[in-house]
Amino acid sequence: MPTRLDAKIRTVASWALQTKSSRIALLIASFGFFLALPSLGAGLHTLDDPDQQRLIEAHLRGQRAPVQPWWDLYNLVNGDRSEAEVAIHNWARPWWTAPTVKIQFFRPVAVATLYLDRVLFGQRYWLAHLHSALWYFALCYLVSLVLHRLSTQRSAATMAALLFAVDDAHSAPISWLAGRNAIVAATFLALALLLYDQAGRTDRLRFALGSAFTFLLALLSAENVISGAPLFAFYSLLLDRRALRARLASV
């Protein structure tokens with residue numbers, strides 16, 4: 001009897017801890033969302049937002065003029081020599097840039113969110129920025145949950161989550177529609193880490209598969225999220241308490 005009672009007490013205490021952590025995460029995410037609200041008046045960024053919007057509109061109207069597929073919004077430099085010469089002459093690119101260089105990124109998941117903006121909101125760009133702010137809310141919430149689950153000190157995890165939410169470096173992807181891909185990718189990465197931790201705690205395949213799938217979505221949102229891959233390896237090395245074979249298999 002005492003053993004069963006102790007187990008129930010531990011279960012209730014664990015649930016209470018997770019519930020309180022969720023409430024803290026919700027408060028921090030709400031604060032991050034509040035900080036993102038000034039971006040609602042940012043409109044389109046002159047760098048590449050207008051070009052992307054024109055291409056999206058052309059595809060949605062079914063025009064034959066676009067030579068790029070719908071997902072190829074991040075075709076930043078197409079290798080055209082004449083365009084390169086004009087860009088170099090106008091100091092848009094360094095003088096030493098090779099005229100045939102190509103810079104293209106495959107980000108179909110992030111691109112799909114921009115198409116969704118256009119379909120739902122049209123040219124009401126403040127709603128598109130509100131969409132970005134909601135992604136940031138989700139990102140701050142998931143990051144806070146991950147930190148609280150992996151840290152033994154709630155105060156340290158809360159401080160780290162708060163510092164993440166107020167980081168001024170996040171203002172660029174929040175206020176720049178074409179830069180939303182960074183927030184989307186980071187959100188899926190945080191979710192992948194959360195599911196990976198749950199897989200390590202429960203040893204259930206569905207959480208491991210969910211983690212792999214969400215990490216794939218992160219990669220299809222921004223390629224530089226690959227820098228988060230070592231986090232999974234370090235988790236298996238330092239935090240996972242399963243047998244070595246299971247840890248290696250999970251990685």
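Structure: see above.
If you're wondering where the values come from, they're calculated on a predicted model, not measured in any experiment.

## Regarding the overall build of the protein chain
Okay, step 1: Along the backbone of the protein chain there are 11 helices and two strands.
Okay, step 2: Seen in sequence order, the protein chain has helices and strands lined up from the N terminus as α-α-β-α-β-α-α-α-α-α-α-α-α.
Okay, step 3: Principal-axis analysis of the C-alpha atoms places the extent of the protein chain at approximately 80 × 40 × 35 Å.
Okay, step 4: Considering the protein chain as a whole, with its 251 residues, one finds that 38% of them fall into the buried category.
Okay, step 5: Within the protein chain, contacts between residues at least 6 apart in sequence are counted, and of these 71% link residues at least 24 apart.
Okay, step 6: Accessible surface computed for the protein chain: about 15,000 Å², of which carbon and sulfur atoms make up 66%.
Okay, step 7: In the protein chain, 24 side chains carry a positive charge and 16 a negative one; their mean positions are 14 Å apart.

## Points about helix 4 (residues 108–121)
Okay, step 1: Here helix 4 is 14 residues long and its end C-alpha atoms lie 20 Å apart, about the 20 Å a rise of 1.5 Å per residue gives.
Okay, step 2: Taken together, the buried positions of helix 4 are occupied by Pro 108, Val 109, Ala 110, Val 111, Thr 113, Leu 114, Tyr 115, Asp 117 and Arg 118.
Okay, step 3: Just beyond helix 4, the residue with positive phi is Gly 122, at close to 60 degrees.

## Some words on the packing of aromatic side chains
Okay, step 1: Counted by the stated rule, this structure contains seven aromatic pairs.
Okay, step 2: Measuring from ring centre to ring centre gives 5.8 Å for Trp 70 and Tyr 115, while their planes differ by 85 degrees; the resulting arrangement is edge-to-face. Highlighted residues: Trp 70 in the loop between helix 2 (49–60) and strand 1 (75–78) and Tyr 115 in helix 4, separated in sequence by 45 residues.
Okay, step 3: By relative accessible area, which is 39% here, Trp 70 ends up partly exposed.
Okay, step 4: Considering the side-chain rings of Phe 215 and Phe 232, the 5.4 Å spacing of their centres and the 70 degrees angle between planes classify their relative orientation as edge-to-face. Of the two residues, Phe 215 sits in helix 9 (residues 205–219) while Phe 232 sits in helix 10 (residues 229–238), which places them 17 residues apart along the sequence. Comparing Phe 215 with Phe 232 shows no difference in burial state: the two are buried.
Okay, step 5: Three or more aromatic residues joined by ring pairs make a cluster, and in this case those are Tyr 196, Phe 215, Phe 232 and Tyr 235.
Okay, step 6: It is Arg 107 that lies over the ring of Tyr 74; its NZ or CZ is 4.6 Å from the centre.
Okay, step 7: For Arg 107, the ring lying beneath its charged end belongs to Phe 105, and the centroid distance is 4.4 Å.

## Brief notes about helix 8 (residues 180–202)
At 3.6 residues per turn, the α-helix brings residues three or four places apart onto the same side.
Okay, step 1: Compared with the 33 Å implied by 1.5 Å per residue over 23 residues, the 33 Å span of helix 8 between its first and last C-alpha is a close match.
Okay, step 2: Once helix 8 ends, the next one or two residues include Asp 203, with phi positive near 60 degrees.

## With respect to the environment of Arg 81
Okay, step 1: Relative to the helices and strands, Arg 81 is located in helix 3 (residues 81–89).
Okay, step 2: Given the relative accessible area of 47%, Arg 81 is considered partly exposed.
Okay, step 3: For Arg 81 and Ala 98, which are 17 residues apart along the polypeptide, the C-alpha to C-alpha distance reads 8.9 Å.
Okay, step 4: When sequence neighbours within four positions are dropped, the list of residues in contact with Arg 81 reads Pro 99 and Thr 100.

## A short note on the pattern of salt bridges
Okay, step 1: What the rule picks out here adds up to seven salt bridges.
Okay, step 2: Of the charged contacts, one joins Arg 118 and Glu 57 as a salt bridge, the two residues approaching to 2.8 Å between their closest N and O atoms. Taken together, the positions of Arg 118 in helix 4 and Glu 57 in helix 2 put the pair 61 residues apart, joining distant regions of the chain.
Okay, step 3: Arg 201 serves as the salt-bridge partner of Asp 197, at 2.7 Å between the closest nitrogen and oxygen. Of the two residues, Asp 197 and Arg 201 both sit in helix 8, four residues apart, roughly one turn of that helix.
Okay, step 4: Each of the salt bridges in this network shares a partner with another, and the network as a whole consists of Glu 57, Arg 61 and Arg 118.

## Let's talk about the packing of helix 4 against helix 8
Two measures define how a pair of helices packs: the angle their axes make with one another and the distance between the axes.
Okay, step 1: In contact at an axis separation of 9 Å, helix 4 and helix 8 are set at 120 degrees when each is read in the N-to-C sense. In terms of orientation, helix 4 and helix 8 fall into the oblique class. Judged by the sense of rotation from one axis to the other, the crossing of helix 4 with helix 8 is right-handed. When helix 4 is examined against helix 8, the residues Val 109, Ala 110, Thr 113, Leu 114 and Asp 117 are found in contact with a partner set consisting of Arg 180, Asn 181, Val 184 and Phe 188.
Okay, step 2: Looking at the contact of helix 4 with helix 8 residue by residue, the class counts come to five nonpolar, two polar and two charged.

Rules and cut-offs
- Residues numbered from 1 in each chain as written.
- Predicted model: local features only at pLDDT ≥ 70, side-chain atom pairs only at ≥ 80, totals over all residues.
- Heavy atoms only, no water.
- Helix = DSSP H or I, 4+ residues; strand = E, 2+ residues; numbered from the N terminus.
- Buried < 20%, exposed > 50% of the residue type's maximum accessible area, 1.4 Å probe, protein only.
- Contact = heavy atoms within 4.5 Å.
- Areas by Shrake-Rupley, 256 points an atom, 1.4 Å probe, with all protein chains shown as cover.
- Lys, Arg positive; Asp, Glu negative; His and termini not counted.
- Charge placed at Lys NZ, Arg CZ, Asp CG, Glu CD.
- Expected span 1.5 Å × (residues − 1).
- Phe/Tyr/Trp six-rings, centres within 6.5 Å; stacked < 30°, edge-to-face > 60°.
- Lys NZ or Arg CZ within 6 Å of the ring centre and 35° of its normal.
- Salt bridge = Lys/Arg side-chain N within 4 Å of Asp/Glu carboxyl O.
- Axes fitted to C-alpha atoms, helices over the stretch in contact; angles between N-to-C directions.
- Parallel < 35°, antiparallel > 145°, perpendicular 65-115°, else oblique.
- Left-handed = near helix turned anticlockwise from the far one by under 90°.
- Nonpolar A, V, L, I, M, F, W, Y, C, P; charged D, E, K, R; others polar.

Structural measurements only, silent on function.
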